[in-house]
Amino acid sequence: LTGVLDDCLCDIESIDDFNTFKIFPKIQKLQERDYFRYYKVNLKRPCPFWADDGHCSIKDCHVEPCPESKIPVGIKAGSSNKYSKAANNSKELEDCEQANKLGAVNSTLSNQSKEAFIDWARYDDSQDHFCELDDERSPDAQYVDLLLNPERYTGYKGPSAWRVWNSIYEENCFKPRSVYRPLNPLAPSRGGSCLFTFICLLFCTGLCLEKRVFYKLISGLHASINLHLCANYLLEETWGKPRWGPNVKEFTRRFDPVETKGEGPRRLKNLYFLYLIELRALSKVAPYFERSVVDLYTGNGHEDAESKALLLDIFRDTKSFHMHFDEKSMFAGDKKGAKSLKEEFRLHFKNISRIMDCVGCDKCRLWGKLQTQGLGTALKILFSEKEIKSLPENSPSKGFQLTRQEIVALVNAFGRLSTSIRELQNFKVLLQQTR
């Protein structure tokens with residue numbers, strides 16, 4: 001892949017260099033920090049769109065939840081889904097839990113914390129979310145150590161997996177009504193690749209920028225997930241000792257121009273486009289985290305300070321990149337039409353986040369939910385520029401707030417994209433060696 005990407009003024013080579021030498025090493029270190037490695041998720045939510053067709057029984061589909069005793073005390077105290085030291089003060093939380101009346105709660109909280117809790121509750125009830133968020137208070141919600149449950153090939157495939165992606169593309173993507181993508185992956189295709197025809201028709205019908213962007217985001221996410229599976233593939237298992245690594249044959253099957261009838265390179269370009277979108281969101285949200293009132297709170301003061309310093313360092317790098325996607329070109333028409341299209345955009349993506357609860361493999365569901373939520377958080381940031389610019393320095397946010405769950409998803413989702421682009425460089429080398 002070379003050259004300039006569609007719908008932006010950035011070339012692939014610049015992204016490769018920027019990611020390899022600046023972003024990838026730092027984002028890897030950040031993901032290893034306690035604040036970002038523990039993600040609370042509900043993997044038992046029922047599929048809202050069709051009857052459950054059973055869960056994957058392959059052992060590699062299993063997710064090992066993290067025992068409560070392993071969770072840092074500051075994160076456990078933040079079960080209210082917040083992140084600052086003030087909100088996670090254990091004394092105040094204990095008082096809250098023991099209080100039976102709102103008046104009693106109010107009498108035990110500082111004015112700043114009361115203001116924060118009220119603002120958080122108001123914002124959590126707002127309609128600004130692009131994702132269906134898990135209820136972290138549910139007894140089915142559990143902490144997962146992301147480092148101990150890596151995203152990799154599990155063997156989950158066939159009609160069940162196809163049904164999920166088919167629903168995402170067919171029911172939720174903006175596309176011409178005349179284009180149909182059949183559900184059954186085993187059905188013979190007449191006249192070539194149905195997916196190739198789908199893409200070709202999509203881009204030949206002149207969809208507006210917003211709808212092209214929406215499709216590219218979903219396609220880029222799909223490509224990134226497929227890259228992770230190819231790069232972390234079960235190559236062999238001898239005497240119960242699995243060996244994981246890159247599978248060049250699988251990569252070729254999913255992305256080679258000949259194998260995919262020309263579609264593979266477009267999928268990978270959409271991965272780069274998605275990377276630019278999330279990179280832009282990180283640069284836009286930096287002022288939110290630069291405020292002293294925001295702590296990445298785990299209870300370990302030294303590690304928390306180092307985590308925030310590393311995050312701010314990554315933000316400085318994102319700002320230094322000079323070929324960002326310009327989101328101001330989106331939803332810039334007449335106000336009524338732009339508002340309607342933006343809301344349609346949000347609801348479509350929110351519906352996609354709900355489809356992730358239909359994934360039959362727990363590990364695939366975990367990473368699908370996290371990466372979808374990360375992208376949804378990025379979109380929320382891009383459409384909240386005015387609110388972010390008007391944030392107060394030393395008091396709780398008014399009008400814009402990120403929960404800990406959203407912050408963890410945002411960083412890890414971008415980390416997955418950074419890894420995808422890095423793995424793509426590795427596959428280029430491996431392919432040259434096999435020729």
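In this text the structure is predicted, and so the values were computed from the model without any measurement.

Caption draft 1: The arrangement of the packing of aromatic side chains in detail. Considering all chains together, one arrives at 12 aromatic pairs under this definition. When the ring of Phe251 is compared with that of Phe255, the centres are 5.2 Å apart and the planes differ by 40°; the resulting orientation is tilted. Residue Phe251 and its partner Phe255 are both found in helix α10 (residues 248-255); the two are separated by four residues, about one turn of the helix. The exposure class assigned to Phe251 is buried, which follows from its relative accessible area of 7%. Looking at Phe255, the relative accessible area reads 3%, which means it is buried. Between Tyr275 and Phe414, the aromatic rings sit 5.0 Å apart at their centres with planes inclined by 35°, giving tilted as the arrangement. With Tyr275 in helix α11 (residues 264-290) and Phe414 in helix α16 (residues 404-434), the pair connects residues that are 139 residues apart, well separated along the chain. As far as the burial class goes, Tyr275 and Phe414 line up, both buried. These aromatic residues form a ring-pair network of at least three members: Tyr288, Phe289, Phe315 and Phe400. A cation over an aromatic ring shows up here: Arg152 above the ring of Trp244, its NZ or CZ 3.9 Å from the ring centre.

Caption draft 2: Examining the UniProt feature "binding site: FAD" (unreviewed entry) in the chain more closely. Sequence positions flagged by UniProt for "binding site: FAD" (unreviewed entry) are, in local numbering, Arg152, Thr154, Trp165, Ser219, His222 and Arg254. Tracing the sequence through the fold places Arg152 in the loop between β2 (141-145) and α7 (159-172). Relative to the helices and strands, Trp165 is located in helix α7. By relative accessible area, which is 17% here, Trp165 ends up buried.

Caption draft 3: Broad picture of the pairing of strand β4 (residues 241-245). Examined bridge by bridge, strand β3 (residues 233-238) and β4 share five bridges and lie antiparallel to one another. Its bridge partner being in β4, Leu234 is matched across the sheet by Trp244. Connecting β3 to the next strand, β4, in antiparallel fashion are two residues, including Trp239 with a positive phi near 55°.

Caption draft 4: View of the pairing of β2. When you tally the buried positions in β2, you get four out of five residues, the bulk of the element. Relative to β2, strand β1 (residues 38-42) is paired through five bridges, and the arrangement is antiparallel. Bridged to Tyr38 within β2 is Asp145.

The rules behind the values
- Residues numbered from 1 in each chain as written.
- Predicted model: local features only at pLDDT ≥ 70, side-chain atom pairs only at ≥ 80, totals over all residues.
- Heavy atoms only, no water.
- Phe/Tyr/Trp six-rings, centres within 6.5 Å; stacked < 30°, edge-to-face > 60°.
- Helix = DSSP H or I, 4+ residues; strand = E, 2+ residues; numbered from the N terminus.
- Buried < 20%, exposed > 50% of the residue type's maximum accessible area, 1.4 Å probe, protein only.
- Lys NZ or Arg CZ within 6 Å of the ring centre and 35° of its normal.
- UniProt positions renumbered as here; feature names shortened; annotations may be inferred.
- Pairing = 2+ DSSP bridges.

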